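Close look at the chain arrangement
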Amino acid sequence: MMTDRAVVFACSHRRGGNTDRAASWLADGVREAGGQADIIHVREHEVRPCLACGYCDEPGERRGRDLCVLGPGDAAWDLFEALLTARAVLFASPIYFYHLPSMLKTWIDRGQQFWAARADGAQWLAALPERTARAVFVAGRPRGEKLFEGAAVTLRYFLHNFAMPLKEPLTFRGLDGPDDLADRADRNAIIDLGRRAWEEAS
Ligand SMILES: Cc1cc2nc3c(=O)[nH]c(=O)nc-3n(C[C@H](O)[C@H](O)[C@H](O)COP(=O)(O)O)c2cc1C
């Protein structure tokens, strides 16, 4: 069942840096539009890596926890539950080696169970309402044509399993120190993204 809240996944391994700030501004934007937002710091949730055991490829009308041999033994399902039930879904993430940080990617790999369920025609997945996801990416390098490409492609195809198209991410370059995301115009742009996400979801 859908909640009446937004969820912001804050995906940096560093506490109190640019990503955490961006996540908090996204949540501010949701609140300004009249919604409520929960911020989930992915680094605080222990997620075990996919074993590539093939269990989730077995056909059948299984759902949720039953889709994975790792079951409810870690926090992966808590994160999926938040993703599946939030009215609006937003991500704030740094770029690590031209990609998403490994803790987020570890959870994304666990999403293979949903890819398999969708390929298998699972009705409960097909019945999910379409929700548009938003993302903010921050990177240390000031240049680089493909700086955000890998992260965007992976996030887009992960979210596709949940009937969630990803809007073109809002990107920031040249931010390396934890307090570098301090520009007022950037703050306003991020708050505005949160606000629009909630308005569109309402
Ligand atoms: C392991 C690691 C890999 C990184 N790789 C890149 C990279 O490929 N390109 C880049 O522009 N910045 C890279 N950075 C820099 C971060 O994207 C940048 O410092 C960002 O502002 C960190 O966000 P945070 O303050 O939320 O942790 C890397 C940082 C770390 C820790």
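Structure shown above.
A brief report on the enclosed structure follows. (Residues numbered from 1 in each chain as written. Predicted model: local features only at pLDDT ≥ 70, side-chain atom pairs only at ≥ 80, totals over all residues. Heavy atoms only, no water.)

1. Looking at the overall build of the protein
Heads up, the rule is: Helix and strand labels come from DSSP, where a helix needs a run of H or I of at least four residues and a strand needs a run of E of at least two; each type is numbered from the N terminus. Computation of the radius of gyration draws on C-alpha atoms, with the globule rule given as 2.2 Å multiplied by the number of residues to the power 0.38.
Helix and strand counts for the protein come out as 7 helices and 5 strands. For the protein, the succession of helices and strands along the chain, N to C, is β-α-β-α-β-α-α-α-β-α-β-α. Over its C-alpha atoms the protein spans a radius of gyration of 17 Å, differing by no more than 12% from the 17 Å that the globule rule assigns to 202 residues. For the C-alpha atoms alone, the extent of the protein along its principal axes is close to 50 × 35 × 30 Å.

2. Regarding helix 4 (residues 112–119)
Convention followed: Throughout, exposure labels follow a simple rule: accessible area from a 1.4 Å probe, protein chains only, divided by the maximum for the residue type, with under 20% read as buried, over 50% as exposed, and the rest as partly exposed. Throughout, the arc means that of the directions going from the helix axis to the C-beta atoms. Note on contacts: a residue pair is in contact if any heavy atoms of the two residues lie within 4.5 Å.
Taken residue by residue, helix 4 has Gln-113, Phe-114, Ala-116 and Ala-117 as its buried positions. The buried residues of helix 4 occupy one face: seen down the axis, they fall within an arc of 160°. Check the buried side of helix 4 and you find it contacts helix 2 (76–85), helix 3 (102–110) and helix 5 (123–126). Of the residues one or two after helix 4, Gly-121 is the one with positive phi, at around 80°.

3. Quick look at the packing of aromatic side chains
Note the cut-off: Centre distance within 6.5 Å is the pairing criterion for rings of Phe, Tyr and Trp, where only the six-membered ring of Trp is used; planes under 30 degrees apart are then read as stacked, over 60 as edge-to-face, and the remainder as tilted.
Inspection of every chain in the model, using the stated rule, returns 13 aromatic pairs. Between the aromatic rings of Phe-9 and Phe-91, the centroid separation amounts to 5.0 Å while the plane-to-plane angle is 25°, which identifies the pairing as stacked. Within this pair, whereas Phe-9 is found in strand 1 (residues 6–10), its partner Phe-91 is found in strand 3 (residues 88–94), the two being separated by 82 residues in sequence. For the pair Phe-9 and Phe-91, a shared accessibility class is recorded, and that class is buried. Aromatic side chains Phe-114 and Trp-124 sit 6.1 Å apart centroid to centroid with 70° between the ring planes, which places their arrangement in the edge-to-face category. Here Phe-114, found in helix 4, pairs with Trp-124, found in helix 5; they are 10 residues apart in sequence, far enough to count as distant. Assessed through its relative accessible area of 0%, Phe-114 is described here as buried.

4. Here we look at the sheet that holds strand 4 (residues 134–138)
Strand-to-strand pairing in sheets goes through backbone hydrogen bonds, with the strands running parallel or antiparallel. The test is simple: In this scheme, strands are said to pair when DSSP sees at least two bridges between them. What counts as an axis is a line fitted to C-alpha atoms, over the stretch in contact for a helix, and the angles between N-to-C directions run from 0 to 180 degrees.
Strand order across the open sheet formed by 5 strands is 2-1-3-4-5, with parallel pairing between neighbours. For this open sheet the edge positions go to strand 2 (37–41) and strand 5 (170–172), each flanked by a neighbour on one side alone. Looking at each pair of strands side by side, their axes are set apart by 15° on average, direction ignored. Sheet strands touched by helix 1 (residues 18–32): strand 1, strand 2, strand 3 and strand 4. Its angle to strand 3, the strand with the most contacts, is close to 160°. Running at roughly 155° to strand 4, helix 6 (residues 149–160) makes contact with strand 3 and strand 4 of the sheet.

5. Digging into helix 7 (residues 184–201)
Keep this limit in mind: For a helix, the expected span equals 1.5 Å multiplied by the number of residues minus one. Under the rule applied, a polar contact is a pair of N or O atoms within 3.5 Å (in protein, one hydrogen donor and one hydrogen acceptor; residues adjacent in sequence only if both atoms are side-chain atoms).
An ideal rise of 1.5 Å per residue puts 26 Å on 18 residues; helix 7 measures up with 26 Å between its terminal C-alpha atoms. Turning to helix 7, its buried residues number three or more, namely Ile-190, Ile-191, Leu-193, Gly-194, Ala-197 and Trp-198. All buried residues of helix 7 fall inside an arc of 145° around its axis, so they share one side. Where the residues of helix 7 are buried, they touch strand 1, helix 1, strand 3, strand 4 and strand 5. By the N-cap criterion, in which a side-chain oxygen at the helix start approaches the backbone nitrogen of a residue two or three places on, helix 7 is capped by Asp-183, the distance to Ala-185 being 2.8 Å.

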